[in-house]
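The chain contents come next:
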Amino acid sequence: GAVNTTKLDRPIGWTALCFITYFNVCGGPWGSEEIISSVGPLPGLIGVAVFAIGWGLPMVLITSELSSAYPDDGGYSIWVAEAFGPFWGFQEAYWS
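Computed from a prediction, not measured in an experiment: that's the story for all the values here.

**Quick word on the packing of aromatic side chains**
With the rule as written, the count across this model stands at five aromatic pairs. Aromatic pair Phe90 and Tyr94: ring centres 5.9 Å apart, planes at 20°, arrangement stacked. Highlighted residues: Phe90 and Tyr94, both in helix H5 (residues 86-95), separated by four residues, approximately one helical turn.

Structure follows, in structure tokens:
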């Protein structure tokens with residue numbers, strides 16, 4: 001039969017990226033369900049937003065700074081190896 005050679009190059013949008021990030025972060029044994037049920041919806045959502053800004057923003061800034069300082073592929077493994085030596089760089093790569 002005929003082979004479909006149509007290539008779809010659609011980048012992921014902001015909305016989809018936000019949903020993917022939310023479900024990756026809030027899933028698991030310590031999700032937002034317990035927060036919302038224990039303190040209520042408004043304080044729970046405010047707490048989640050404050051935590052995201054207080055924890056996520058510094059992590060974004062650190063990651064962007066280190067990515068620009070060390071543009072090689074490898075991320076945390078390279079950063080840890082540069083800071084603490086090859087042994088700890090290997091440990092970080094192996095355990096994460």
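**A few points about the side chain of Glu92**
Structurally, Glu92 can be placed in helix H5. Polar contacts involving the side chain of Glu92 include one to the side chain of Ser77, which spans 3.0 Å. Once you skip the residues sitting within four places of it in the chain, Glu92 turns out to touch Tyr76, Ser77 and Val80.

**Concerning the confidence of the model for the protein**
Confidence in the prediction for the protein averages 83 pLDDT; 88% of positions are at 70 or higher. No element of the protein has a lower mean pLDDT than helix H2 (residues 32-39), which averages 81, and none a higher one than H5, which averages 91.

**Regarding the packing of H2 against helix H3 (residues 41-69)**
With their axes 7 Å apart at the nearest point, H2 and H3 run at an angle of 140° to one another. In terms of their interaxial angle, H2 and H3 are classed as oblique. The chirality of how H2 crosses H3 is right-handed. Across from Ile35, Ile36 and Val39 in H2, the residues of H3 making contact are Pro41, Pro43, Gly44, Leu45 and Val48. Counted by class, the contact of H2 with H3 contains seven nonpolar, one polar and no charged residues.

Reading guide: rules and limits
- Residues numbered from 1 in each chain as written.
- Predicted model: local features only at pLDDT ≥ 70, side-chain atom pairs only at ≥ 80, totals over all residues.
- Heavy atoms only, no water.
- Phe/Tyr/Trp six-rings, centres within 6.5 Å; stacked < 30°, edge-to-face > 60°.
- Helix = DSSP H or I, 4+ residues; strand = E, 2+ residues; numbered from the N terminus.
- Polar contact = N/O pair within 3.5 Å; in protein donor to acceptor, adjacent residues only side chain to side chain.
- Contact = heavy atoms within 4.5 Å.
- pLDDT = per-residue confidence, 0-100.
- Axes fitted to C-alpha atoms, helices over the stretch in contact; angles between N-to-C directions.
- Parallel < 35°, antiparallel > 145°, perpendicular 65-115°, else oblique.
- Left-handed = near helix turned anticlockwise from the far one by under 90°.
- Nonpolar A, V, L, I, M, F, W, Y, C, P; charged D, E, K, R; others polar.

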